[in-house]
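Per-entry structural report
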Amino acid sequence: TDSDIVLDAESRARIIAAMVGVAGSGGAAGSANVTGNVISNTIEAVISDAPGSGTAPVLAAGGDVTLTARDGSTIDALSVGVAGAGGASGGAALAGNVIANRMKTGIIGSRIGSGDDVTLDAESSAVIRSLVVGVAASGGAAGQFSAMGNVITNTVAAEISGGSTVIAAGDVRLQASDIAPDSM
């Protein structure tokens, strides 16, 4: 073909979560909040041989060949626990958030020809914003425990593999990046 070949895969998964727990009593009161949020996706833009076919795909473009896989997953979570009593009160507020995505661009077991550039770009810019607040008050004794844990464990890859042949009149560029947010 005289045109470009463009494969673009993108995910912008988002979780917005809020939990509020309140306990009150003239005697004793307790409150416990536990929240958990998980995003786990696979985002791929791949040119590949069909498994078991034994035939490598042949693609020719008069212009650019561009494969892009992008992820912008976001978790925004709030957990608030309040306990109040005349005698004794206690509370716990716990939160855990995980983003575990896989972004991949690839040319695998294929033959590609380009009249210009071949570009494979995989990018992640996942963000977790969370706040856990716990309050315990009483006329006697009060105790409060608050904890949170956030994990982003993404795999980001751009590859040419599996015996692929890539011929380009211009540049061949592979880029895989995991970009931390510049502001919260």
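Worth saying up front: this structure is predicted, and the values here are computed from it rather than measured.

**Some details on the side chain of Ser-177**
Along the polypeptide, Ser-177 turns up in strand S16 (residues 172–178). For Ser-177, the contacting residues outside a window of four places in its chain are Ala-122, Glu-123, Ser-124 and Val-156.

**Considering the nonpolar core**
The biggest cluster of nonpolar side chains holds 15 residues, and the ones touching the most others in it are Ile-43, Val-65, Leu-67, Ile-107, Ile-112, Val-118 and Leu-120. Counting only elements with at least two residues in this core, the list comes to strand S1 (5–11), strand S4 (42–48), strand S6 (65–71), strand S9 (102–108) and strand S11 (118–124). In this structure Ile-112 touches Ile-47, Leu-59, Val-65, Ile-107, Thr-165, Val-166 and Ile-167, once residues within four positions along its chain are discounted.

**Thoughts on the pattern of salt bridges**
Tallied over the full model, the rule gives eight salt bridges. Asp-76 is the partner of Arg-14 in a salt bridge, and the nearest nitrogen-oxygen pair spans 2.7 Å. One end of the pair, Arg-14, is in strand S2 (residues 14–25); the other, Asp-76, is in strand S7 (residues 74–85), and 62 residues separate them in sequence. Among the ionic pairs, Glu-44 bridges to Arg-102, the shortest N-O distance being 2.4 Å. Taken together, the residues span a long stretch of sequence, with Glu-44 in strand S4 and Arg-102 in strand S9 at a distance of 58 residues. For Glu-44, a relative accessible area of 37% gives the class partly exposed. Using a relative accessible area of 33% as the deciding quantity, one classes Arg-102 as partly exposed. Linked through salt bridges whose partners overlap, the residues forming this network are Arg-14, Asp-76 and Arg-129.

Scoring rules and cut-offs
- Here, residues in each chain are numbered from 1, in the same order as that chain's written sequence.
- Totals for whole chains, interfaces and linings use all residues, but because this is a predicted model, local features are given only for residues with pLDDT of at least 70 and pairs of side-chain atoms are given and counted only at 80 or more.
- Calculation of side-chain values draws on the structure's entire complement of heavy atoms; hydrogens and water are dropped beforehand.
- Starting at the N terminus, helices and strands are each numbered in turn, a helix being any DSSP run of H or I of at least four residues and a strand any DSSP run of E of at least two.
- Contacts are assigned to residue pairs that have any heavy atoms within 4.5 Å of one another.
- The definition of a nonpolar core used throughout is a set of buried Ala, Val, Leu, Ile, Met, Phe, Trp, Tyr and Cys residues joined through side-chain atoms within 4.5 Å.
- Here the term buried applies to any residue with accessible area under 20% of the maximum for its type, exposed to any over 50%, and partly exposed to those in between, with areas from a 1.4 Å probe on protein chains only.
- Every case where a carboxyl oxygen of Asp or Glu lies within 4 Å of a side-chain nitrogen of Lys or Arg is listed as a salt bridge.

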